[in-house]
Amino acid sequence: MTVADSRPTRPARAGSPRRAKGEGQWALGYREPLNPNEQAKKDDDALHVRSRIENIYAVRGFASIDPSDLRNRFRWMGLYTQRRPGIDGGKTATLEPHELDDSHFMLRVRIDGGALTTEQLRVVGQISIDFARGTADVTDRQNVQLHWIRIEDVPEIWRRLESVGLSTMEACGDCPRVILGSPVAGIAADEIVDGTPAVREIAERYIGSEEFSNLPRKFKTAISGHPSQDTVPEINDVAFVGVEHPEHGPGFDLWVGGGLSTNPMLAQRLGAWVPLDEVADVWAGVVRVFRDYGYRRLRTKARIKFLVADWGPEKFRRVLETEYLHRPLVDGPAPATPVAPGDHVGVNRQQDGNYFVGFSAVAGRVSGEKLVRLAELAEAHGSSRVRTTPMQKLLVLDVAEDRVQPLIEAVRTELGLTADPTAWRRSVLACTGIEFCKLAIVETKGRAAALVDELEQRLGNLDSPITVNLNGCPNSCARIQVADIGLKGQLVPGPDGHQVEGFQVHLGGGLGLDAGFGRKLRGHKVVADDLPDYVERLAKAYLAERTDGERFAQW
Ligand code: SF4
């Protein structure tokens with residue numbers, strides 16, 4: 001029996017009468033699972049799968065894995081089966097899940113706040129070399145993703161990760177995923193408030209706890225006290241956004257209900273100011289509202305954004321305060337709109353007079369060898385800390401002024417990562433795509449790298465960045481709706497009329513200063529091979545027609 005099962009059924013409370021009936025909301029008394037995912041979570045707490053992996057599946061091999069664990073509970077330990085090589089995108093929707101499965105796994109290493117020591121980075125890199133055929137991608141949620149993992153190797157991988165304080169716990173699944181944190185928390189000279197203690201407290205108190213191991217769906221958190229709002233707060237389930245309160249000082253503005261995918265919504269402000277030492281409690285209150293009132297009937301309606309959209313921010317805040325926190329929150333001001341991008345690429349001065357250096361890897365693709373070597377180079381230049389960013393970048397912290405240029409030169413020549421990239425190299429994001437993802441229809445990472453090379457050759461640099469995000473399917477792991485040019489992978493008619501890999505285009509989305517969703521342009525479907533020509537045409541038109549200072553999103 002799960003902890004959730006042992007809680008008494010509550011009488012009907014704050015749910016909206018219009019939607020309440022039959023949405024599977026626990027707080028309204030609906031406790032019978034209404035779909036197979038809910039049934040699997042009720043049958044056995046997903047966190048219990050760890051002992052079966054260690055004691056049974058890793059010993060007996062892939063064929064011994066119970067399908068219900070493979071398709072559901074493995075995710076709570078950061079494990080997904082990867083796509084069987086050689087199956088083209090046209091088959092994605094027509095095959096059963098098991099027909100798409102390879103017997104290898106993607107493993108997501110959880111890096112809360114993106115904060116790593118060089119020792120941790122070296123361990124992750126060595127795991128990649130030893131067990132993942134050298135693969136390693138920095139994701140846009142600050143994780144590192146490895147591929148080609150065998151179930152037999154998972155216990156040893158966990159042992160190595162946990163020996164340096166890392167884990168894969170709840171890296172996927174219907175639970176609190178990795179906590180995005182400002183990559184420059186505690187070091188940036190212009191920081192409003194350092195959210196690091198809150199990130200740590202939430203991770204220590206709640207990650208791996210059965211209290212939150214059965215949520216309606218995934219739950220994404222962002223905490224940043226940096227004025228650039230560098231954790232994409234608009235599109236997280238809950239976000240704490242640094243703000244200076246006129247009476248109480250630095251703290252966080254509370255936002256809820258953001259998310260992309262097929263029904264994109266921007267997070268809404270609750271108008272509440274939260275001091276640093278109350279963030280973990282307020283975060284837990286929001287998660288409890290979601291756990292108890294979230295919709296569990298349809299997976300497509302189970303994210304918190306649908307509840308927030310139905311209730312509105314006033315009712316959400318009222319329920320949070322009265323039923324969960326048992327106290328009112330302090331009213332607070334809205335944070336200022338950020339004026340600078342939050343990817344932290346380049347050389348930046350820290351509070352202590354040292355520097356942090358942000359390096360750009362195209363679409364986050366690195367390798368185990370590169371991670372190990374980056375750790376060595378950072379140490380050789382006096383640093384023992386690195387950070388991953390939600391823009392798929394890597395930062396090296398604490399570099400003395402006279403070591404900055406030697407570090408930049410060494411990383412560029414040895415690893416091909418640059419601290420002074422062109423706007424194209426800096427602004428491309430791509431999801432996993434067909435190389436490994438079972439939902440994918442098209443290839444993404446390799447295409448993103450080729451696109452950057454091509455655009456640099458044709459157009460050189462740009463004085464105003466244009467973000468280009470590539471998704472391998474209609475989901476939005478690479479945030480296509482909030483890119484200047486968002487590319488949604490799908491099959492499109494090729495020159496001879498046959499379906500080929502291509503993209504539906506969304507134009508003019510953005511975050512921060514330009515927060516809003518791009519427009520889906522019905523006529524704009526691009527054959528993948530024509531992508532460089534298409535982006536080049538758009539960029540040239542923008543450069544020719546823009547008015548002074550006009551950004552692409554405004555154009
Ligand atoms: Fe896979 Fe689609 Fe997400 Fe890309 S957007 S990683 S193809 S689910």
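Our structure's up above, just so we're on the same page.
Because the structure is a prediction, the values reported are computed rather than measured.

Chemist: Describe the overall build of the chain, listing the residues and the values that go with them.
Modeler: Within the chain, the secondary structure is distributed over 17 helices and 21 strands. Whereas a compact globule of 555 residues would reach a radius of gyration of roughly 24 Å, the chain reaches 23 Å, a difference of no more than 12%. Along the first, second and third principal axes, the C-alpha atoms of the chain reach 65 × 60 × 50 Å. Across the 555 residues in the chain, those meeting the buried criterion constitute 61%. Restricting the contact set of the chain to residue pairs at least 6 apart, pairs at least 24 apart contribute 70%. Carbon and sulfur atoms form 49% of the exposed surface of the chain, whose accessible area is close to 21,300 Å². The distance from the centre of the 70 positive side-chain charges to the centre of the 76 negative ones in the chain is 6 Å.

Chemist: Outline the nonpolar core, supporting the account with residue identities and numerical values.
Modeler: Counting 59 residues, the largest nonpolar core has Ile53, Phe74, Leu79, Ile149 and Phe359 as its most contacted members. Looking at this core, the element that brings in the most residues is helix α14 (residues 401-415), giving six residues. Excluding anything up to four places from it in sequence, Phe74 contacts Val49, Ile53, Tyr57, Ile65, Asp69, Leu79, Phe105 and Ile151. Leu215, Trp283, Phe316 and Tyr324 belong to the second-largest nonpolar core, a separate cluster that totals 42 residues.

Chemist: Can you tell me about the environment of Val138, naming the residues and giving the values?
Modeler: By the secondary structure assignment, Val138 is in strand β4 (residues 135-138). Measuring from C-alpha to C-alpha, the distance between Val138 and Tyr355 comes to 22 Å, with 217 residues separating the pair along the chain. Excluding residues that lie within four positions of it along the chain, Val138 makes contacts with Asn143, Ala363, Gly364, Val366, Thr388, Gln392, Lys393 and Leu394.

Chemist: Tell me about the site of the ligand, and name the residues and values.
Modeler: Near the ligand you find Cys431, Thr432, Cys437, Leu439, Ala440, Asn471, Gly472, Cys473, Asn475 and Cys477, and these make up its full shell. Class assignment of the residues belonging to the shell around the ligand gives a composition of six nonpolar, four polar and no charged.

Chemist: Which residues make up empty space enclosed by the protein, and what values do they have?
Modeler: Using a probe with the size of a water molecule, rolled over the atoms, empty space left in the structure can be pinpointed. Evaluated as defined, the whole model comprises two cavities of 30 Å³ or more. Counted as a void, the largest cavity has a volume near 90 Å³. Trp26, Arg31, Glu32, Pro33 and Glu38 are, among the 13 residues lining the largest cavity, the residues nearest its centre. Per-class residue counts for the lining of the largest cavity are four nonpolar, two polar and seven charged.

Chemist: Please set out the sheet that holds strand β16 (residues 393-399) residue by residue, giving values where relevant.
Modeler: Taken together, five strands build an open sheet; the order of strands is β3-β15-β16-β13-β12 and the sheet is antiparallel. Each end of this open sheet is capped by a strand with a single partner; those strands are β3 (115-117) and β12 (346-349). Between one strand and the next, the sheet's axes are offset by a mean angle of 25°, whatever the strand orientation. Sheet topology note: the β12/strand β13 (residues 355-360) ladder contains four bridges and is antiparallel. Across the sheet, the residue bridging to Val347 is Val357, located in β13. Packing against the sheet, helix α7 (residues 118-131) makes contact with β3 and β15 (385-388), and its axis sits at approximately 90° to β3.

Chemist: So, the layout of surface pockets: which residues are in play, and what are the values?
Modeler: Estimates place the volume of the second largest pocket at around 830 Å³. Here the lining of the second largest pocket is built from residues that sort into 19 nonpolar, 10 polar and 10 charged.

Chemist: I'd love a proper account of unusual backbone geometry, names of residues and values included.
Modeler: Residue His326 is not a glycine yet carries a positive backbone phi of 60°. Within the chain, Ala363 stands out as a residue other than glycine whose phi angle is a positive 55°. Looking at the element boundaries, Ala363 is found in the loop between β13 and β14 (365-367).

Chemist: Give a detailed account of the packing of aromatic side chains, specifying residues and quantitative values.
Modeler: Per the counting criterion, the structure on display carries 15 aromatic pairs. With centroids separated by 6.0 Å and ring planes inclined at 85°, the aromatic side chains of Trp148 and Phe436 adopt a geometry described as edge-to-face. In this pair, Trp148 sits in strand β5 (residues 144-149) while Phe436 sits in the loop between β17 (428-430) and α16 (445-459), placing the two residues 288 residues apart along the sequence. Each residue in the set Tyr206, Phe212, Phe219, Trp283 and Phe290 is aromatic and connected to the rest through ring pairs, giving one cluster. Sitting above the plane of the Trp26 ring, Arg296 keeps its charged end 3.7 Å from the centroid.

Chemist: Give a detailed account of the sheet that holds strand β2 (residues 101-109), specifying residues and quantitative values.
Modeler: Spatially, five strands are ordered β1-β2-β5-β4-β14 in an open sheet, and the strand pairing comes out antiparallel. Both outer strands of the open sheet, β1 (79-83) and β14, are each paired with one neighbouring strand and no more. Each strand axis lies, on average, 35° off the axis of its neighbour in the sheet, ignoring direction. Pairing of β4 with β14, which is carried by three bridges, proceeds in the antiparallel orientation. Along β14, the bridge assignment pairs Thr135 with Ser367. Each of β4, β5 and β14 is contacted by helix α13 (residues 368-380), which is oriented at about 75° to β14, the strand it contacts most.

What counts as what
Residues numbered from 1 in each chain as written. Predicted model: local features only at pLDDT ≥ 70, side-chain atom pairs only at ≥ 80, totals over all residues. Heavy atoms only, no water. Helix = DSSP H or I, 4+ residues; strand = E, 2+ residues; numbered from the N terminus. Rg over C-alpha atoms; globule rule 2.2 N^0.38 Å. Buried < 20%, exposed > 50% of the residue type's maximum accessible area, 1.4 Å probe, protein only. Contact = heavy atoms within 4.5 Å. Areas by Shrake-Rupley, 256 points an atom, 1.4 Å probe, with all protein chains shown as cover. Lys, Arg positive; Asp, Glu negative; His and termini not counted. Charge placed at Lys NZ, Arg CZ, Asp CG, Glu CD. Core = buried A, V, L, I, M, F, W, Y, C linked by side-chain atoms within 4.5 Å. Near = heavy atom within 4 Å. Nonpolar A, V, L, I, M, F, W, Y, C, P; charged D, E, K, R; others polar. 1 Å grid on protein atoms, 1.4 Å probe; cavity = no way out; pocket = protein on both sides within 12 Å on 5 of 7 lines; lining within 4 Å. Points joined across faces, edges and corners; volume = space filled by probe spheres on them. Pairing = 2+ DSSP bridges. Axes fitted to C-alpha atoms, helices over the stretch in contact; angles between N-to-C directions. Phe/Tyr/Trp six-rings, centres within 6.5 Å; stacked < 30°, edge-to-face > 60°. Lys NZ or Arg CZ within 6 Å of the ring centre and 35° of its normal.

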